[in-house]
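Listed below are the residues making up each chain.
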Amino acid sequence: MTWFGAPVTIGQPVVTSAVEAGGGNPTQEFYGADRIYAEGVVVKDSAVQVRIHTESTSAVDVCVHFAG
């Protein structure tokens, strides 16, 4: 996933994390049955790209956190 318009510049350190979202509320975060994690963060001018793994066989909603 890519966050366009992020207030970052190339080379700036950014940390990401991901967790399952939903449970009746699209902004609710919780620990579900799926293993969800973020990896491979790339920082560009005004954008952050990160690969999110869900290890799920069906669609799952995810909430991603950025700090940097």
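Here's a quick rundown of the structure. Here the structure is a predicted model, which means the values were calculated and not measured.

The next thing to look at is the packing of aromatic side chains. Counting across every chain of the model gives 1 aromatic pair. Taking the centre distance of 5.0 Å and the plane angle of 45 degrees together, the rings of Trp-3 and Phe-66 count as tilted. Of this pair, Trp-3 sits in strand β1 (residues 2–4) while Phe-66 is found in strand β6 (residues 62–67), placing the two residues 63 residues apart along the sequence. Among the residues examined, Trp-3 registers a relative accessible area of 33% and is labelled partly exposed.

A few words now on the pattern of salt bridges. Under the defined criterion, the tally for this structure stands at 1 salt bridge. The partner of Glu-55 in a salt bridge is Arg-35, and the shortest N-O contact between them spans 3.3 Å. Residue Glu-55 is located in the loop between β5 (47–53) and β6, and its partner Arg-35 is located in the loop between β3 (25–30) and β4 (37–44); the two are separated by 20 residues in the primary sequence.

Soluble, globular proteins show a tendency: their nonpolar side chains are buried together. Listed in full, the 5 residues of the largest apolar core are Ala-6, Val-8, Val-14, Val-43 and Val-48. Once you skip the residues sitting within four places of it in the chain, Val-48 turns out to touch Met-1, Thr-2, Trp-3, Ala-6, Val-8, Val-14, Val-41, Val-42 and Phe-66.

Now for unusual backbone geometry. Positive phi outside glycine occurs at Ser-46, with the angle close to 65 degrees. Within the element layout of this structure, Ser-46 appears in the loop between β4 and β5. In this structure Ser-46 comes out as partly exposed when scored by relative accessible area, which is 40%. Even without a glycine there, the phi angle at Glu-55 is positive, about 50 degrees. Given the relative accessible area of 48%, Glu-55 is considered partly exposed.

Criteria and thresholds
Residues numbered from 1 in each chain as written. Predicted model: local features only at pLDDT ≥ 70, side-chain atom pairs only at ≥ 80, totals over all residues. Heavy atoms only, no water. Phe/Tyr/Trp six-rings, centres within 6.5 Å; stacked < 30°, edge-to-face > 60°. Helix = DSSP H or I, 4+ residues; strand = E, 2+ residues; numbered from the N terminus. Buried < 20%, exposed > 50% of the residue type's maximum accessible area, 1.4 Å probe, protein only. Salt bridge = Lys/Arg side-chain N within 4 Å of Asp/Glu carboxyl O. Core = buried A, V, L, I, M, F, W, Y, C linked by side-chain atoms within 4.5 Å. Contact = heavy atoms within 4.5 Å.

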